[in-house]
2 protein chains.
Amino acid sequence: MTGEETVARRLDGKVVGASIREALGPRIAAFSGATGRPPGLGIVLAGNDGGSEIYVRNKVKACDELGMLADLRRFSETASVDEVLDCVRRFNEADEIDGILVQSPLPSGMGRDAERRVFGAIDPDKDVDGFHAVNVGRLVQREPGLAPCTPSGIVEMLDQYEIPIEGRQAVVIGRSDIVGKPMAMLLLHRSATVTICHSRTVDLPEVAAVADILVAAIGRPGFVNRDFVKPGATVIDVGTTYVSDRDKVVALFGADSPRLEVLERRGRTVVGDVHPEVEEIAGALTPVPGGVGPLTISMLLSNTVRAAELRRARSDVGER
Amino acid sequence: MTGEETVARRLDGKVVGASIREALGPRIAAFSGATGRPPGLGIVLAGNDGGSEIYVRNKVKACDELGMLADLRRFSETASVDEVLDCVRRFNEADEIDGILVQSPLPSGMGRDAERRVFGAIDPDKDVDGFHAVNVGRLVQREPGLAPCTPSGIVEMLDQYEIPIEGRQAVVIGRSDIVGKPMAMLLLHRSATVTICHSRTVDLPEVAAVADILVAAIGRPGFVNRDFVKPGATVIDVGTTYVSDRDKVVALFGADSPRLEVLERRGRTVVGDVHPEVEEIAGALTPVPGGVGPLTISMLLSNTVRAAELRRARSDVGER
C-alpha cells in the first residue's frame, strides 16, 4: 500500500470486548447483591482437545476476573454420552448455575449424534450459546431469550463504532445455524435490508457488492476479495481457518508479510474469509485475528449475566 | 392490454390446494388404519367475528371431506381467557387431537396479551399454525416440526408449477412472524439467495427488481407496481386487503373492471399487494383472490396430518 491509499478503519474486537465486560460489572454486582450469589456458568469439557483446553481456560479466567462463578466439570476422552448428559441435567437443576456451556467438539467416540443430544438436553433458559430451538424461535420472534454469541457480538461492535444499521443493505455470506441465520435475523430486527448468500448463490461477488455491511462467515480463507466489496463498506470477517501451507500464506499476504514469521514460529496462522486486499477498499474492517474472535467470550459472559437476570425475573413473577 | 402483450402465467391456488388435499388421502387412510382413529383437529372459536365464522366453517367442512376429526369448541364474546386456556390444555392432553387451531382474532375484551398467552399454551407438537417458538426454531434449524401454513403452501405451489428455487434470487417484502420471516427461511433452505425487505428498506423497487421470485406480504393494496418487478419474474401476492373505496378500485383496476360489480354487490373487494399492471410484466403471478388464499386451509390440513404422523413416530420410539 502507498501512503496515498485509503485504509479501512480497523474494528478492534479486544477494545469492544473489554467495553462489554466493563458494562457487565454493575449488573453482576446488582445481581449478587440481590440474590446473595454471583451469576454462575457451568462448563463441560470432555476429552483432550488442545484448542478446547485453551478456550475453556480463558472462559474460566474471564469469569473469575468479573467475580462470576465458573463450575468446570471435566470428562475423559473415553467418557460416555450418558455421563455428560447427567452432568448437563445436574447443571439444569442447580440453582447457582445460570448458564451452561458444553465445549465443542465432544470426543468422537461419543458418536455422531452426541452433540445434538447434549445441546438439546440443556435447559433453554440456561442455553448461553443460544443453540436450542426455543431460543432460536425467541430470537426470530423478538421475544426475550438468549442469542448466539458471535452475531450478538457483531451487532454490539457495529453499535460501539456507531456504524448505522437501519435502512442499510446488509449481506451475510454463509447460512449456518450458529452465525449466518441468527446474524441475518439480528440485522433484520435492526431494520437493515438483509440478503443471505451461500455456496449456491449465483454471481456471489455481484450480490455481495451491494452491501453497506458485509458479513463473511463461510470458513474459506481469503475468499472474499475486492470484487465482493463496495468501496467504503463495513466488512465483518467471521472466518477463522488455520493455514499451515506457506505458499497459501504468501499468496494471500505477500512474501514479506509478518505472517510468515508467525507461521514459522507456530506452524500455522489464522486466516479470515476476507482477502487482505479488501483493506484497501472497505471503509471499516474487522481483522483476523483480533476482530470478531475476542468478542465471543465477552458475549458468553454477557449471555450468562442475562440468563441469570431473566431466570430471576421469571422466578419473581412465579413463572417457574 | 393489447393482444400483443405477454400476460403472466396464472398460478392457481385452488388447483394446487386440491392437489395437496388429494395427496393427503392415502396418508390419512394409513394413519387411521394403523391407529384406529383419524387425525384430529381441535378448533377454538371465541366471539362473533363474521369472517372467523366463515373461516372456521370452511375448515370443519374440509376436515369432514377428508375423513378427519374436527372438534370445534365455541366460546362467547364475553368468555374469559382462562376458559380458552383450559380448552387448549384439554386439547393438549387429548390423545385424539393432533392439531390445535385457535381462530384469530380473540375477542378484544380478553385483553391485548390474550393471543400471545393462548398461542403460547399450545403444545408445540400440536401447533399446526407453526407459531410456537419451538416450531420457529425447528424451522430455522431444519429439524422436523410444523411450519406456518402460508409460506409452506407457497413453496408447494412453486414446486407444483415447477418454478425452480435453487440458486435463484428471491426477495420477500415484509418481515412478519407469520409470513415474511418463515418464507425467507423456507426459500433459503431450498438454496435461493434470499433478501428480506420492509418499510425501512431504501430504494425498495430497485431491491425487489433483482428477484426471480418476488413475495409480497405487506398488506398494502396495489403497492408493488411494475417498477418492483423484473420482466419474467414469478410474483407471489400474499396481500388480502378488503377495499370499499370505489375511487381506489377504479384507480387500481380501471373504470370498466368487473371488480366494480363485485364492489357494488358486496360492498368491498379483496385486493392484493401487487398492482394489476404487474400482470403485463411478470412471468407468473398468483391472483388475489384465488392464489395464495386457497392454499392456507390445505396446508392446515397437511400440518394436522403431519402432526399426527410425527406424534405417532415419537410415541413409537418412546420419546413421549
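Overview of the structure. (Residues numbered from 1 in each chain as written. Chains lettered and ligands numbered in written order. Predicted model: local features only at pLDDT ≥ 70, side-chain atom pairs only at ≥ 80, totals over all residues.)

Let us look at the sheet that holds strand S2 (residues 40-46) of chain A. Residue and element names in this part refer to chain A. In spatial order, the strands read S3-S2-S4; together these 3 strands make up an open sheet with parallel pairing. Of all the strands in the sheet, the pair left with one neighbour each is strand S3 (69-75) and strand S4 (99-102). Strand after strand, the sheet turns through a mean of 15° between neighbouring axes, direction not considered. Of the pairings in the sheet, the one linking S2 to S3 comprises 7 bridges and is parallel in character. (Pairing = 2+ DSSP bridges. Helix = DSSP H or I, 4+ residues; strand = E, 2+ residues; numbered from the N terminus. Axes fitted to C-alpha atoms, helices over the stretch in contact; angles between N-to-C directions.)

Turning our attention to the interface of chain A and chain B. Taken together, the contacts link 25 residues of chain A with 25 residues of chain B. Contributing elements (two or more residues each) for the side of chain A that touches chain B: helix H5 (133-140), helix H7 (180-189) and strand S6 (193-197) of chain A. Considering each element in turn, the side of chain A that touches chain B owes the most residues, 7 residues, to H5(A). Taken together, the residues that form the side of chain A that touches chain B break down as 10 nonpolar, 8 polar and 7 charged. As paired elements, S6(A) and strand S6 (residues 193-197) of chain B share 3 bridges and run antiparallel to each other. The residue of S6(B) that forms the bridge with Thr195(A) is Thr195(B). (Contact = placed C-beta atoms within 7 Å. Nonpolar A, V, L, I, M, F, W, Y, C, P; charged D, E, K, R; others polar.)

What follows covers the nonpolar core. With 174 residues, the main nonpolar core has Val172(A), Leu214(A), Val215(A), Val172(B), Leu214(B) and Val215(B) as its most contacted residues. Discounting residues that sit within four places of it in the chain, Val172(B) has contacts with Gly180(B), Met183(B), Ala184(B), Val194(B), Ile196(B), Cys197(B), Val215(B) and Ala217(B). (Core = buried A, V, L, I, M, F, W, Y, C linked by C-beta atoms within 7 Å. Buried ≥ 20, exposed ≤ 12 C-beta atoms within 10 Å, placed from the backbone.)

Time to look at the sheet that holds strand S5 (residues 169-173) of chain A. Read across the open sheet, the 12 strands follow the order S1(A)-S11(A)-S8(A)-S7(A)-S5(A)-S6(A)-S6(B)-S5(B)-S7(B)-S8(B)-S11(B)-S1(B); overall the sheet is mixed. The sheet is open, and its two borders are formed by strand S1 (9-10) of chain A together with strand S1 (9-10) of chain B, each paired with just one other strand. Across 4 bridges, the pairing between strand S7 (residues 213-216) of chain A and strand S8 (residues 234-237) of chain A is parallel. Directly across from Ile213(A), in S8(A), lies its bridge partner Thr234(A). Packing of helix H7 (residues 180-189) of chain B onto the sheet brings it into contact with S6 of chain A together with strand S5 (169-173), S6 and strand S7 (213-216) of chain B, and relative to S6(B) it is tilted by some 170°.

Another aspect to go through is the relation of the copies chain A and chain B. For these two chains of identical sequence, chain A goes onto chain B by a turn of 180° and a shift of 0.0 Å along the axis, with RMSD 0.0 Å. A rotation of that kind, with that shift, is consistent with a two-fold axis. (Least-squares fit on C-alpha atoms with pLDDT ≥ 70 in both.)

Residue and element names in this part refer to chain A. By secondary structure assignment, the location of Ala 46 is in strand S2. When the C-alpha atoms of Ala 46 and Pro 105 are compared, they prove to be 8.4 Å apart, with 59 residues separating the residues in sequence. Setting aside its immediate chain neighbours within four residues, Ala 46 contacts Phe 75, Ala 79, Val 84, Leu 106 and Pro 107.

Here we take up H7(A). Across the 10 residues that make up H7(A), a large majority, 9, are buried. Every buried residue belonging to H7(A) is among Gly180(A), Lys181(A), Pro182(A), Met183(A), Ala184(A), Met185(A), Leu186(A), Leu187(A) and Leu188(A), and all of these are buried.

Here the focus is helix H2 (residues 50-66) of chain A. One full turn of an α-helix is made of 3.6 residues, so residues set three or four places apart face in the same direction. Residues and elements named next belong to chain A. Over its 17 residues, H2 extends 25 Å from the first C-alpha to the last, a length consistent with the 24 Å expected when each residue adds 1.5 Å. Within H2, the full set of buried residues consists of Lys 59, Cys 63 and Leu 66. Along the long axis of H2, the arc covered by the buried residues comes to 75°, so they all point the same way. Structural note: H2 exposes Gly 50, Ile 54, Arg 57, Lys 61, Asp 64 and Glu 65 on the side pointing more than 90 degrees away from its buried face. Where H2 is buried, its residues contact helix H1 (13-35), S2, S3 and helix H11 (293-316). Two residues or fewer after H2 comes Gly 67, characterised by a positive phi angle close to 75°. (Expected span 1.5 Å × (residues − 1). Arc of directions from axis to C-beta.)

All names here are of chain A. In contact at an axis separation of 8 Å, helix H6 (residues 149-160) and H7 are set at 35° when each is read in the N-to-C sense. For the element pair H6 and H7, the recorded crossing hand is right-handed. Contact with H6, carried on its side by Pro 151, Ser 152, Ile 154 and Val 155, involves Pro 182, Met 183 and Leu 186 of H7 and no other residues of that element. In terms of residue class, the contact of H6 with H7 is built from 6 nonpolar, 1 polar and no charged. (Left-handed = near helix turned anticlockwise from the far one by under 90°.)

Take unusual backbone geometry next. Between Val288(A) and Pro289(A) the backbone carries a cis peptide bond, its omega angle lying at 0°. Following Ser104(B), the chain continues into Pro105(B) via a peptide bond in cis, with omega recorded as 0°. As for its placement among the helices and strands, Pro105(B) is situated in the loop between strand S4 (99-102) and helix H4 (114-121). One non-glycine residue, Ser191(B), adopts positive backbone phi at about 70°.

Looking now at the packing of H6(A) against H11(A). All names here are of chain A. Viewed as axis vectors pointing N to C, H6 and H11 meet at an angle of 100°, and their least axial separation amounts to 8 Å. Regarding the angle of H6 to H11, the classification is roughly perpendicular. Contacts from Cys 149, Thr 150, Ser 152, Gly 153 and Met 157 of H6 reach H11 at Leu 295, Thr 296, Ser 298, Met 299, Leu 300 and Asn 303. Here the residues of the contact of H6 with H11 are counted per class, giving 5 nonpolar, 6 polar and no charged. (Parallel < 35°, antiparallel > 145°, perpendicular 65-115°, else oblique.)

Moving on to the pairing of S6(A). Side-chain positions along a regular strand alternate between the two faces of the sheet. All names here are of chain A. Burial analysis of S6 places 5 of its 5 residues in the buried class, the great majority of the element. By the alternation rule, side chains of S6 split into Thr 193, Thr 195 and Cys 197 and Val 194 and Ile 196, which are all buried. In the sheet, S5 pairs with S6 via 5 bridges, with the strands oriented parallel. Pairing of Val 171 across the sheet is with Thr 195, part of S6. This β-α-β element, S5 to H7 to S6, shows right-handed connectivity. (Right-handed = clockwise from strand over helix to strand, strands pointing away.)

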